[in-house]
Amino acid sequence: MTFKDLGLSPALVKAVEEKGYTKPSPIQEKAIPHILEGKDILASAQTGTGKTAGFTLPVLQHLAETKHPKYRPLRALVLTPTRELAAQVYDNVREYSKYVNIKSAVVFGGVNAKPQIATLRSGVDILVATPGRLLDLHSQKAVSFNRIDVLILDEADRMLDMGFARDLNKLISFMPAKRQNLMFSATFSADIKKLASGILNNPVSVEAEPQNSTAKKVTHKVYQVDKGKKTEFTIKLIKDGNWSQVLIFTRTKHGANKLTEKLIKAGISAAAIHGNKSQGARTKALRNFKENTIKALVATDIAARGLDIPLLPHVINFELPNVPEDYVHRIGRTGRAGAAGEAISLVCSEETEYQSEIEKLLKEKLNSTVVEGFEPTDTAAPKRAATQSKGSFGKKKRPTNGGASQGDRPKKKPHFKGNKPAGATSGRGRTGAPKKKRF
Ligand code: ADP
Ligand code: MG
């Protein structure tokens, strides 16, 4: 199966070939023909499976085929939960549209709106945006949704987690009822299904068939380390292993800052990326990390979600996430597109319960080791994620620090509890635990 076989035009095929893609990924193979037919899609696929090209290519083709010779109204809108993801999706849209006469743009909060307004005025066919800034721009009449033909929700589950439901509904209320809707989500909670049933029209469910061979390329490793020794241990791992690129997850923004400082003190170039950092600092940190001018990027879950960091060899969970799905997202940063990767977790006595929950989700025991000189002595009892209020979507507020900014994940109920075993279906959506395997 080739991109041409999927029905994509020579201009688009040429662009993906230049990106080095030799054949479509499974999710692309499944989704592209339906999207070209104009169907609504509800797609579930783990991170790193090539979803961006999966929706961008057919949408570009549609836009190119139905382009007005004179006018350039906004006809396609991609909504993403975070600024970084918006920037990244936009980069892809630009690359894929290199040989078609389609204009794209990106808008998100935390930066000056004036240039964004000017770009929108000049005419844009496809816009990538975060919900908050887009609403602001709409209320300033800098953008119109009257001619929206295709709406794409990327990382829809994370958008709900971040409390964007109300913004989404508001944005949608300004759009024509007759339009194509494409929704992507790694997990299918009750809230996501509710959102999907409100937005999608008779959708086709698509799921990437994971391939076993690549999944096995990610090794999971647990080191039992006392809480107070984790920093020292992390420094040792990086130095002993002579690692040049490592992504480290912490649970809190404060924890990310503290660890970053200590790494720098130990002579390891590092930067933190989280919701309290300015947009400039976040963009710079990510760029430096991608270009490998810094070795370590220390991130909170929200900040790292959906980011495409190619061929990342090492991921460290400085703390285990208290929502098991987040573990799957985190390790999605390693072993991407078939490359080998290592997912390391530092687990202290308080986190053993989180570990069992992750193992339950993965249906796999994680290999635990103790390293000489770091034998655990902590005796603190396991913590369990407090059962949090049952906010249904629509009730949650997005972070109040303005625009489409992102803070740490708002408290959410651990939605894994309601997950049915993988393979169970109900209604129009497919339910089940997220898949840890990718193409
Ligand atoms: P997702 O949104 O599913 O997490 P992305 O769209 O960010 O995944 O793609 C992940 C990586 O895979 C990117 O580096 C992208 O360039 C690459 N990629 C996408 N499609 C293909 C393909 N058909 N062949 C090879 N690489 C691909
Ligand atoms: Mg994506």
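You'll find the protein chain entered in an unreviewed UniProt entry as DEAD-box ATP-dependent RNA helicase RhpA, with Polaribacter butkevichii given as the organism. Regarding the protein chain, the relevant UniProt record gives this comment under Sequence similarities (unreviewed entry): "Belongs to the DEAD box helicase family." We quote the UniProt Catalytic activity (unreviewed entry) comment for the protein chain here in full: "ATP + H2O = ADP + phosphate + H(+)".

Asker: When you look at the packing of aromatic side chains in this model, what are you seeing that I'm missing?
Answerer: Each pair of aromatic rings is reported with the distance of its centres and the angle of its planes. Within the structure shown, the criterion is met by five aromatic pairs. Measuring from centroid to centroid gives 6.1 Å for Tyr 21 and Tyr 96, while their planes differ by 65°, and the two rings are edge-to-face. Here Tyr 21 is found in the loop between α1 (10-18) and α2 (26-36), whereas its partner Tyr 96 is found in helix α4 (residues 83-96), with 75 residues between them in sequence. With a relative accessible area of 2%, Tyr 96 lands in the buried category. Taken together, the ring pairs in this structure connect Phe 3, Tyr 21 and Tyr 96 into an aromatic cluster.

Asker: Got a minute to help me understand the UniProt feature "short sequence motif: Q motif" (unreviewed entry) in the protein chain in this structure?
Answerer: Mapped onto this structure's residue numbering, the UniProt feature "short sequence motif: Q motif" (unreviewed entry) falls at residues 1-29. For residues 1-29, the helix share is 45%, the strand share is 0%, and the end-to-end C-alpha distance is 8 Å.

Asker: What is the right way to look at helix α13 (residues 279-290) in this model?
Answerer: For an α-helix, 3.6 residues make a turn, and residues three or four places apart therefore share a direction. With 12 residues, α13 extends 16 Å between its outermost C-alpha atoms, agreeing within 8% with the 16 Å of an ideal straight helix rising 1.5 Å per residue. All buried positions along α13 are accounted for by Gln 279, Arg 282, Ala 285, Leu 286 and Phe 289. Each buried residue of α13 lies within a common arc of 135° when the element is viewed along its axis, so the set occupies one face. Positioned one or two residues after α13, Asn 292 has a phi angle of 70°, which is positive.

Asker: Mind showing me how you'd approach the confidence of the model for the protein chain here?
Answerer: Predicted coordinates in areas of low pLDDT are best not read in detail. Residues of the protein chain with pLDDT of at least 70 account for 83%, and the chain-wide mean is 83. Counting contacts from residues 211-216, a segment whose pLDDT is below 50, to residues more than four positions away or on other chains yields eight contacts. In the model, residues 385-439 has pLDDT below 50 throughout and makes 162 contacts with residues more than four positions away in sequence or in other chains.

Asker: Sorry, what's going on with the sheet that holds strand β5 (residues 150-153) here?
Answerer: Note: strands within a sheet are paired through backbone hydrogen bonds, in either parallel or antiparallel orientation. If you walk across this open sheet you meet the seven strands as β3-β4-β2-β5-β6-β1-β7, and the pairing is parallel. On the outer flanks of this sheet lie β3 (104-107) and β7 (204-207), each paired with one strand and no other. Geometrically, the sheet is characterised by an average inter-axis angle of 15° between neighbouring strands, direction not taken into account. Where strand β2 (residues 76-79) lies against β5, four bridges are found, and the strand directions are parallel. Note on β5: the bridge partner recorded for Leu 79 is Leu 153. The strands touched by helix α9 (residues 190-199) within the sheet are β1 (41-44), β5 and β6 (180-185), with β6 carrying the most contacts at an inclination of about 170°.

Asker: Is there a simple way to explain the side chain of Ser 345 in this structure?
Answerer: Among the structural elements, Ser 345 can be located in strand β13 (residues 341-347). With a relative accessible area of 0%, Ser 345 lands in the buried category. Reaching out from Ser 345, the side chain makes a polar contact with the side chain of Asn 317 at a distance of 2.9 Å. Once you skip the residues sitting within four places of it in the chain, Ser 345 turns out to touch Lys 221, Val 222, Tyr 223, Asn 317, Leu 320 and Tyr 327.

Asker: Can you help me understand the pattern of salt bridges in this one?
Answerer: Counted under the stated rule, the structure contains 16 salt bridges. A salt bridge links Arg 72 to Asp 125, with the nearest nitrogen and oxygen atoms 2.5 Å apart. With Arg 72 in the loop between α3 (51-65) and β2 and Asp 125 in the loop between α5 (114-121) and β4 (126-129), this pair connects stretches of sequence that are 53 residues apart. Residue class for Arg 72 comes out partly exposed when judged on its relative accessible area of 22%. Glu 359 is paired through a salt bridge with Lys 365; the nearest N and O atoms lie 3.3 Å apart. Classification of Lys 365 as exposed rests on a relative accessible area of 68%. Each of the salt bridges in this network shares a partner with another, and the network as a whole consists of Arg 72, Arg 75 and Asp 125.

Asker: Sorry, what's going on with unusual backbone geometry here?
Answerer: Excluding glycine, most residues fall at negative phi; most peptide bonds, likewise, are trans. With a phi angle near 60°, Lys 141 is a residue other than glycine that sits in the positive phi range. Tracing the chain through its elements places Lys 141 in the loop between α6 (131-139) and β5. One non-glycine residue, Asn 242, lies in the positive phi region at around 55°. Examined against the element boundaries, Asn 242 turns out to sit in the loop between α11 (230-241) and β9 (246-249).

Calculation criteria
- Residues numbered from 1 in each chain as written.
- Chains lettered and ligands numbered in written order.
- Predicted model: local features only at pLDDT ≥ 70, side-chain atom pairs only at ≥ 80, totals over all residues.
- Heavy atoms only, no water.
- UniProt positions renumbered as here; feature names shortened; annotations may be inferred.
- Phe/Tyr/Trp six-rings, centres within 6.5 Å; stacked < 30°, edge-to-face > 60°.
- Helix = DSSP H or I, 4+ residues; strand = E, 2+ residues; numbered from the N terminus.
- Buried < 20%, exposed > 50% of the residue type's maximum accessible area, 1.4 Å probe, protein only.
- Expected span 1.5 Å × (residues − 1).
- Arc of directions from axis to C-beta.
- pLDDT = per-residue confidence, 0-100.
- Contact = heavy atoms within 4.5 Å.
- Pairing = 2+ DSSP bridges.
- Axes fitted to C-alpha atoms, helices over the stretch in contact; angles between N-to-C directions.
- Polar contact = N/O pair within 3.5 Å; in protein donor to acceptor, adjacent residues only side chain to side chain.
- Salt bridge = Lys/Arg side-chain N within 4 Å of Asp/Glu carboxyl O.

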